[in-house]
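# Chain and residue survey
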Amino acid sequence: SVSILTRRVRLKCDIAWNPREGNLDVSAVDGCDVLINLVGENISDGRWSAARRKRLWESRVESTRLLVDVLSRCSHPPRAFVSASGVGFYGENEGQTARSEKDSKGSGFLADLCAEWEAEAIKAEAYVDRVCLLRTGVVLSGSGGALRLMARAFRFGVGGRLGSGLQMFPWISLEDWLYGVYEIVTNCDAKGPYNLVSANPVSNGAFVRELARYLKRPAICHVPAFVLKGLLGEMANDMLLGSLEVAPDRLLDELGFSFRYPKLNDALRLAL
């Protein structure tokens, strides 16, 4: 059975908490098998001003710190703590080999944020049998996120590549993300970081062409790098223009994971 930690209790199984105020009843977590932490303000919802950076940081780091504190006070803590992170941990790797879980942290705001986020989660190792970190790429879902925004642009006839279009785009279907997390949660040997990305990365340009083909829309628009940098500042470099290729090595080699939607066209068909 699943219970949801939420600020807006609607269902009988919902558990009230407020990470900003540090409120969570220990008894709500005590005795559970697994605690999964997916909290974090939308990273791509607007320019990274100083105030917004603070919210992005606090929504991830402070909420994780609260959960670890609650775990420390449990009489029967969960056996596993599974905490979100992102492939932004690796920074940009243009022209280099794909990043695996063995690689160290990169540079930039996202890399620093992910590293601090993970550092708080790893403290739970003192109280649970295993801590797992979900280094997630762009999740393709038709109900929200990056894909919905891009598909909307194409439907209005203004879709196209960003910058050079050569930058690598680490993606995963929502279905494979869910099954990947399920595999990590249920495998008692799983611990540490896992890259939740497709084993078939594509460039931004290739992604745009495939999306245009699926939607039967032209991909004639091009947003130059200087325009994106002017509009979004550092966020443009970290999220849209920087090239990052990531490999799901531990999912494949250690957990024997089999992707259900390994090809981009299949993932787009599922999502859209």
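We now turn to the structure provided with this report. (Residues numbered from 1 in each chain as written. Predicted model: local features only at pLDDT ≥ 70, side-chain atom pairs only at ≥ 80, totals over all residues. Heavy atoms only, no water.)

### Remarks on the side chain of aspartate 176
The condition is simple: Helix and strand assignments follow DSSP, with helices taken as H or I runs no shorter than four residues and strands as E runs no shorter than two, numbered in order from the N terminus. Exposure categories follow from relative accessible area, calculated using a 1.4 Å probe and restricted to protein chains: below 20% of the type maximum is buried, above 50% is exposed, and the middle band is partly exposed. His residues and chain termini do not enter the charge count, which takes Lys and Arg as positive and Asp and Glu as negative. Any Lys or Arg side-chain nitrogen found within 4 Å of a carboxyl oxygen on Asp or Glu counts as a salt bridge. Should any heavy atoms of two residues lie within 4.5 Å, those residues are counted as being in contact.
With respect to the element layout, aspartate 176 can be found in helix 4 (residues 174-186). Put simply, aspartate 176 is tucked away with no salt bridge, and the nearest opposite charge, on arginine 260, sits 4.7 Å away. Ignoring any residue separated from it by four or fewer positions in sequence, one finds aspartate 176 in contact with Phe257, Phe259, Arg260, Tyr261 and Pro262.

### Brief notes about a positive patch on the surface
The line we're drawing: Nonpolar side chains (Val, Leu, Ile, Met, Phe, Trp, Tyr) within 5 Å and like charges within 9 Å form the patches, drawn only from residues with over 30% relative accessible area and no salt bridge. Accessible surface is estimated by sampling points in the Shrake-Rupley manner with a 1.4 Å probe; for residues, cover comes only from the protein chains shown. Where a charge lies is defined by one atom per residue type: Lys uses NZ, Arg uses CZ, Asp uses CG and Glu uses CD.
The grouping of Arg7, Arg8, Arg10 and Arg20 at the surface amounts to a positive patch. Looking at where arginine 10 falls in the secondary structure, it is placed in the loop between strand 1 (4-6) and strand 2 (14-18). Arginine 10 gets classed as exposed once you look at its relative accessible area, which sits at 67%.

### Thoughts on the sheet that holds strand 3 (residues 23-24)
To keep things clear, this is the line we draw: Any two strands between which DSSP finds at least two bridges are classified as paired.
Pairing is mixed across the open sheet formed by 3 strands, whose spatial order is 1-2-3. Unpaired on one side and paired on the other, strand 1 and strand 3 mark the two borders of the sheet. With 3 bridges connecting them, strand 1 and strand 2 associate as parallel partners. Within strand 2, the residue paired with leucine 5 across the bridge is isoleucine 15.

### Concerning the packing of helix 1 (residues 50-72) against helix 2 (residues 109-122)
The cut-off we apply is this: Convention adopted: a line fitted to C-alpha atoms gives each axis, helices being fitted over their contacting stretch, and angles between N-to-C directions are expressed from 0 to 180 degrees. Angles are sorted into four bins: roughly parallel if under 35 degrees, roughly antiparallel if over 145, roughly perpendicular if 65 to 115, and oblique for all others. Two helices cross in a left-handed way if the nearer one is turned anticlockwise from the farther one by less than a right angle. They cross in a right-handed way if the turn is clockwise. Any residue outside Ala, Val, Leu, Ile, Met, Phe, Trp, Tyr, Cys, Pro, Asp, Glu, Lys and Arg is labelled polar, Gly included; the first ten of those are nonpolar and the last four are charged.
Look at helix 1 against helix 2: their axes get within 8 Å of each other, and the N-to-C directions meet at 15°. Classified by the angle between their axes, helix 1 and helix 2 sit roughly parallel to one another. In the packing of helix 1 onto helix 2, the handedness of the crossing is right-handed. Touching Arg53, Leu56, Trp57, Arg60, Val61, Thr64, Arg65 and Val68 of helix 1 are Phe109, Asp112, Leu113, Glu116, Trp117, Glu120 and Ala121, all from helix 2. Its residues assigned to classes, the contact of helix 1 with helix 2 comprises 8 nonpolar, 1 polar and 6 charged.

This is a description of form; function is not addressed.
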